[in-house]
Amino acid sequence: MTQQRRVTAVLGPTNTGKTHYAIERMLGYRTGVIGLPLRLLAREVYDKIVAVRGPSVVALVTGEERIIPPRAQYWVCTVEAMPEGMAADFVAIDEIQLCADPERGHIFTDRLLRTRGINETLFLGSDSMRGIIRALVPEADFLGRERMSQLVYGGSKKISRMQPRSAIVSFSVENLYGIAELLKRQKGGAAVVMGALSPRTRNAQVELYQNGEVDFLVATDAIGMGLNLDINHVAFSATAKFDGRRMRQLMPHELGQIAGRAGRGMSHGSFGVTGEASPLDDGVAQAIMDHRFAPVKKIIWRNPKLQFGQLDALIHSLEESPTDELLVKAREADDLIALKTLASEAEPRARASDAQSVRLLWDVCCVPDFRSISASEHAALLGQIFAHLHERGELPEDWVARHIKHIDRTTGDIDTLSKRLAFIRTWTYVAQRKGWTRDDSHWRETTRAVEDRLSDALHEALTQRFVDRRTSVLLRRLKQKEAMLAEVNENGEVTVEGEFVGRLEGFRFSQDKSAAGQEAKTLKAASLAALTPHFHLLADRFYNAPDTEIDFTEQGGLMWGNTAVGKLVKGSEALKPLVKAFVDDEAGTDVAEKVTRRLQHFIDRKIATAFEPLLNLSRDETLTGLARGFAFQMVEGLGVLPRADVANDVKALDQDARSALRKHGIRFGQFTIFQPLLLKPAPTRLRLVIWSLAQDLAEFPESPPAGLVTVPNMSAHPAGTDTMAGYRNAGTRAIRIDMLERLADMLRGEDSRGGFEAKADMLSITGMTLEQFADLMAGLGYKAEKGERVKVKAAPAPEAQAPAADASAETPAAEAEAEATPAPEAVAADTPTEAAPEAPAEDAAPEMEVFYSFTWAGNRGNARAPRPEGGAPRGKGKPRGKGKPQGNNTGNDRGKPRGKPQGAQSFQARPPKEKAIDPDNPFAAALMGFAKKD
């Protein structure tokens, strides 16, 4: 071993700044080379030096990457890729304790024994190497470095209780994935770092952790080799690993190397165990905290002086044993296994017939098995590469292109992408070998581009599987106790810090149903914290919203636009319902009270407007006695009372009382006492809701569509529904109250005893066919007799005549009210038109028609014959129309007469008996006086 000017071993635990010290020393020289244990770390150091000196003077050389500018002064390499024979002013080897690694130790040992800088050489590593370096490199000086922060043992912790900024170490891919998925569910996710990742993927994953998108890192022991991360705690999920040959317990110095990643700079760190890992022995834990490990007594060696004259000589030189007792022969590595496999085959052995061919074969066998496939498969690929290179001097471009094209696919799961990435790393390594391809730069760029695409796809797949960005972002902001920005779009979708969290329906938040467990708790906490100011702003906007933006539903719900914000509940009186606001408890009592007040104002104003005539009636202090009592009943009936229910009270009212009540728009109809204004659609719809509330109905009957004169019978609904809806059940249909009174006015002039037929006006105002009208009349207490007769054809009318005005038993004001109601739908009458009959054809059968004759059938339940106020009592006096011919009203006796046969009626020559004076008639007193005088 040749003496050098200065050799220094800089030894100490992790977090002592050894690598940083080496970079500073190297930059103090004109040229320098630094060898690092990992491609990942080499890239990190390269980026640091480029930031200081620029890319034009810094080279990066690894097995899979070569960046060599023409004026390169500083070379950053993996230890395996360090150029030999380069006369550099400065040389540094990092993690020199890897001389004892069974797999790669012989490479580090070779650099320890044979690589020197012209002016300075540094060996960086653990203090456990002090003795062996002193023995093998006697000229070396030693520089001790103390850890800048403390490292303490934290014992065992559950993953669910793991503190943020923690790294959990696993030694199997399956276990690593399981931990990452658990952290996703409970903590929002984790970044994943494995030695098999490309630098691009690893850097992207580390960036997730470093920038705080996730608070946890799940990694293999790859993080133990100099990666500088902001880790506060390192937890081992296992303390044993498979080293390629067998499962074995990690040595204390190996645990210490990984645990030492906790704490950075002056920040203290801790380590412990989690999952199924047993707590560390007290002695081991103390050794890690004190950085006291057993010294390395032997290091791995392989003969660097290889014999390329013959294939067997090369194999023999590689298997040579060391002569120094401090050195241990390396176990058979992948390159030697591949060499022996190819040497056993006839074709490769025949090709390796000279020193140049043997050297070429060895260079091919040094291609790493990134794919981790069987030795025979790996050797088969190497055999093809060797055959092409030996025969042509370069690899066929179409052959290389086919292999790369097969790999260049970014679809698939994590395992598939990882395999493709391992495959492309093999071709990236091949492309880096000078002279193996015709256009080295092209294939380096091509393989690098494919690796970058696969790396990005793998990073995305890892992130999608193991990171819940939404939960991680919200957790971080919650811990920082910063105000979070919530946005609600026009569809009610809520995003917090750009992450979808659920929907806001009025003042109630419905979080995303896909979240569960800890994620759901985090989501709710973050959402409500962010929505708190939004709730207040929304409440202010709602409080100032016009009534036109608010409405009630048929079931008593209260809506703001399309959003439910509350519901009506039963109050002390029907006209005084209360409201219940739909407001989340987390929104606060101020918001709930403001929303409740606004809803109460809305419904109070709605009732005051819709029921103004009724409320005026209730507040009229001039009403006294029976009139006041009747007004109270009208208010209780919400402006509509069946006359049969209050018949005695109506009879008891004198004309003054009736007059006072009529001033409030009350109409005393034959079937119903009502206020016509309250039959309009808006009051009717509201009346049904508040009546349903007062009746404690579980399901509220809906208001009939506006404008319909008749609707299906409402008997299936609770008793009184037809009245509250402004209708009266009659047969299979229900007729609107105001139209029923108009019909009663028409029926009053008919012979209800002798029988009468329906007029066109009757059918018109009801909008019914003759059969439907018959069913309606039956429901009103009439008997309908069906008959058939010869149809009289109508003659063309000479000119249109104006329709006759409806008779009304009410005052002109009442008539105006009736005219203000919606007009009934026009329906063609089914009754014969008055016209001269045409003579039927000589041989044609006469055309027949169906008709109905209606007679009063007496009391049926609450039904009674229609009678005008002040008119003649039923059964007394001469009925109108008596003595008039029934039938077709044309004077023609042909055909069956309408109604009952004429013989069923009686006629008298004497004047008719005077009608009895109705005591309810306002002119009753005067009429009585005239009668007495007569």
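Residues numbered from 1 in each chain as written. Predicted model: local features only at pLDDT ≥ 70, side-chain atom pairs only at ≥ 80, totals over all residues. Heavy atoms only, no water.

Trainee: I tried to follow unusual backbone geometry on my own but got confused; where do I start?
Mentor: Working note: non-glycine residues mostly have negative phi, and peptide bonds are mostly trans. Phi is positive for Asn-15, close to 60°, though the residue is something other than glycine. Structurally, the position occupied by Asn-15 is in the loop between β1 (7–11) and α1 (18–27). Looking at Asn-15, the relative accessible area reads 15%, which means it is buried. Of note in this structure, Leu-638 is not a glycine but carries a positive phi near 55°. You can see Leu-638 is positioned in the loop between α21 (625–636) and β27 (640–642). (Helix = DSSP H or I, 4+ residues; strand = E, 2+ residues; numbered from the N terminus. Buried < 20%, exposed > 50% of the residue type's maximum accessible area, 1.4 Å probe, protein only.)

Trainee: So what exactly am I meant to see when it comes to the environment of Phe-271 here?
Mentor: Tracing the backbone shows Phe-271 in strand β16 (residues 269–273). Here the alpha-carbon distance between Phe-271 and Leu-255, two residues 16 residues apart in the chain, equals 9.8 Å. The residues contacting Phe-271, other than those within four sequence positions of it, are Leu-151, Val-152, Tyr-153, Gly-154, Gly-155, His-233, Val-234, Ala-259, Leu-280, Ala-285, Ile-288 and Met-289. (Contact = heavy atoms within 4.5 Å.)

Trainee: What should I look at first to understand the sheet that holds strand β3 (residues 58–61) in this one?
Mentor: Backbone-to-backbone hydrogen bonds join strands into a sheet, with any given pair of strands oriented parallel or antiparallel. With mixed pairing, the eight strands of this open sheet are ordered in space as β4-β3-β5-β2-β6-β7-β1-β8. In the strand order of this sheet, the two ends are held by β4 (66–67) and β8 (141–144), each with one partner. One ladder, built from four bridges, connects β3 with strand β5 (residues 74–78); its direction is parallel. Residue pairing in the sheet places Val-58 in a bridge with Tyr-74 of β5. Against the sheet, helix α2 (residues 39–53) makes contact with β2 (32–36), β3, β4 and β5, and its axis sits at roughly 165° relative to β5, the strand it touches most. (Pairing = 2+ DSSP bridges. Axes fitted to C-alpha atoms, helices over the stretch in contact; angles between N-to-C directions.)

Trainee: Got a minute to help me understand the side chain of Asp-751 in this structure?
Mentor: Looking at the secondary structure, you find Asp-751 in the loop between α26 (737–747) and α27 (760–766). For the buried Asp-751, no salt bridge is present, and the opposite-charge side chain at shortest range is Arg-753, 6.7 Å distant. Within the structure, the side chain of Asp-751 is placed 3.1 Å from the backbone nitrogen of Arg-753, a separation counted as a polar contact. (Lys, Arg positive; Asp, Glu negative; His and termini not counted. Salt bridge = Lys/Arg side-chain N within 4 Å of Asp/Glu carboxyl O. Polar contact = N/O pair within 3.5 Å; in protein donor to acceptor, adjacent residues only side chain to side chain.)

Trainee: Quick question: what am I supposed to make of the pairing of strand β6 (residues 90–93) here?
Mentor: The two faces of a sheet get side chains in turn, since along a regular strand they alternate between them. Residues Phe-90 and Ala-92 of β6 are buried on one face, and the alternating residues Val-91 and Ile-93, pointing to the opposite face, are buried as well. For β2 and β6, the ladder comprises four bridges, and the chain directions are parallel. By the bridge assignment, Ile-34 is partnered in β6 with Ala-92. Relative to strand β7 (residues 120–125), β6 is paired through four bridges, and the arrangement is parallel.

Trainee: Honestly, the sheet that holds strand β26 (residues 578–581) in this entry has me stumped. Any pointers?
Mentor: Pairing is antiparallel in the open sheet, where four strands are placed in the order β23-β24-β25-β26. One side of each edge strand has no neighbouring strand; the edge strands of this open sheet are β23 (550–552) and β26. Sheet twist, expressed as the average angle between the axes of neighbouring strands with direction ignored, equals 30°. Taken together, the four bridges between strand β25 (residues 563–569) and β26 define a ladder with antiparallel strand orientation.

Trainee: Can you help me understand the confidence of the model for the protein chain in this one?
Mentor: Detail in the predicted coordinates should be disregarded across regions flagged by low pLDDT. In the predicted model, the protein chain carries a mean pLDDT of 83, and the fraction of residues at 70 or more is 81%. Per-element confidence in the protein chain is highest for β6, whose mean pLDDT is 97, and lowest for helix α29 (residues 812–820), whose mean pLDDT is 39. Taken as a whole, residues 800–837 scores under 50 in pLDDT and shows 65 contacts with residues more than four places along the chain or in a different chain. Overall, residues 860–915 carries pLDDT values under 50, and its contacts beyond four positions in sequence, including any with other chains, amount to 89 contacts. (pLDDT = per-residue confidence, 0-100.)

Trainee: Can you help me understand the pairing of strand β13 (residues 233–236) in this one?
Mentor: Judged by which residues are buried, β13 turns out to be covered on both faces: His-233 and Ala-235 on one side and Val-234 and Phe-236 on the other are all buried. Of the strand pairs in this sheet, β13 and β16 are connected by four bridges, and their pairing is parallel. Residue pairing for β16: His-233 is matched across the bridge by Ser-270.

Trainee: Explain the side chain of Arg-165 to me, please; I cannot follow it from the model alone.
Mentor: Here Arg-165 shows up in the loop between β9 (151–156) and β10 (166–169). Residue Arg-165 is classed as buried on the basis of its relative accessible area, which comes to 15%. Separated by 2.8 Å, the side chain of Arg-165 and the backbone oxygen of Tyr-209 make a polar contact. Those residues in contact with Arg-165 that sit more than four places away from it in its chain are Tyr-209, Gln-210, Gly-212, Val-214, Asp-215, Asp-230, Ile-231, Asn-232 and His-233.

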